[in-house]
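Geometric and topological summary
Each chain, written out:
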Amino acid sequence: GEDVEQSLFLSVREGDSSVINCTYTDSSSTYLYWYKQEPGAGLQLLTYIFSNMDMKQDQRLTVLLNKKDKHLSLRIADTQTGDSAIYFCAETATYGQNFVFGPGTRLSVLP
Amino acid sequence: NAGVTQTPKFQVLKTGQSMTLQCAQDMNHNSMYWYRQDPGMGLRLIYYSASEGTTDKGEVPNGYNVSRLNKREFSLRLESAAPSQTSVYFCASSEDGYTFGSGTRLTVV
């Protein structure tokens, strides 16, 4: 079946850039998503990218997709303490439906 | 406020007790989902409902039942709770993207 992998932990210093990586196995993945989960809360959609795109930028967030290697990354520029959260990568072949989630990367931002 | 509402937020059960987790959405979405979240394992799909009147098993359905009462509501029932069901449970609905509830933290002792 489909599988999505992420590193479980990442620590960065405030002001540095964070790069969270994700790999997936499903070659039919059409949409790839990044969700953010703050402590005690549900998941919030950060951004998504369609598989025919290589890059998407939204303010401090940059998503890079290497479809050949099935590798997705999320770069957060000028990381702030408020960015401390768990970040989930998810993929689907059908927009908005039947997601497969990675295990989540816990980002810790150090002062 | 539009969104997905889950109740209760916290619950402690004894082994063998039963309970129902409630979920309601007011966005007129067709699809609704129940996930459980365990450390290091991400979200695993328990059951989903593609539309009112239909339900299907996900990755980890054993020990759970669901009811899609109407388009708004999708409940998850534990008939005989076990310690392995200690987890955080999330309900979600989707039309063109997932919207999650804030979760139910369940402890089974």
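Everything discussed here concerns the structure shown above.
Structure report, in brief. (Residues numbered from 1 in each chain as written. Chains lettered and ligands numbered in written order. Predicted model: local features only at pLDDT ≥ 70, side-chain atom pairs only at ≥ 80, totals over all residues. Heavy atoms only, no water.)

Check the secondary structure of chain B and you find zero helices and eleven strands. Of the regular secondary structure in chain B, the N- to C-terminal order runs β-β-β-β-β-β-β-β-β-β-β. A compact globule built from 109 residues should have a C-alpha radius of gyration of about 13 Å, and chain B, at 13 Å, falls within 12% of that. Of the contacts formed within chain B by residues at least 6 apart in sequence, a portion of 54% connects residues at least 24 apart. Split by element, the accessible area of chain B, about 5100 Å² in all, is 47% carbon and sulfur. Distance between charge centres in chain B, computed from 10 positive and 9 negative side chains, equals 9 Å. (Helix = DSSP H or I, 4+ residues; strand = E, 2+ residues; numbered from the N terminus. Rg over C-alpha atoms; globule rule 2.2 N^0.38 Å. Contact = heavy atoms within 4.5 Å. Areas by Shrake-Rupley, 256 points an atom, 1.4 Å probe, with all protein chains shown as cover. Lys, Arg positive; Asp, Glu negative; His and termini not counted. Charge placed at Lys NZ, Arg CZ, Asp CG, Glu CD.)

Further remarks concern the interface of chain B and chain A. On the chain A side, the residues contacting the 18 residues of chain B number 16 residues. Buried area between chain B and chain A, both sides added, is near 1300 Å², and the carbon and sulfur share of it is 53%. Three residues stand out in chain B for area buried against chain A, namely Leu 43, Tyr 98 and Phe 100 of chain B, and they jointly supply 35% of the buried area on that side. For the interface between chain B and chain A, the tally reads four residue pairs in polar contact (both at pLDDT 80 or more). Contributing elements (two or more residues each) for the side of chain B that touches chain A: strand S4 (31–38), strand S5 (42–49), strand S9 (87–94) and strand S10 (98–100) of chain B. At four residues, S4 of chain B tops the list of elements feeding residues into the side of chain B that touches chain A. Considering only residue class, the side of chain B that touches chain A consists of eight nonpolar, eight polar and two charged. (Buried area = accessible area lost by both parts, 1.4 Å probe. Polar contact = N/O pair within 3.5 Å; in protein donor to acceptor, adjacent residues only side chain to side chain. Nonpolar A, V, L, I, M, F, W, Y, C, P; charged D, E, K, R; others polar.)

Further remarks concern the state of the cysteines. Residues and elements named next belong to chain A. Applying the stated criterion across every chain, the model contains two disulfides over all chains. With a sulfur-sulfur separation of 2.0 Å, Cys 22 is cross-linked through a disulfide to Cys 89. Taking the sign of the torsion about the S-S bond as the criterion, the disulfide between Cys 22 and Cys 89, at about -65°, is left-handed. Linking Cys 22 in strand S3 (residues 18–24) with Cys 89 in strand S9 (residues 85–92), this pair joins segments that are 67 residues apart in sequence. (Disulfide = S-S within 2.5 Å.)

That's the geometry; what it means functionally is another story.
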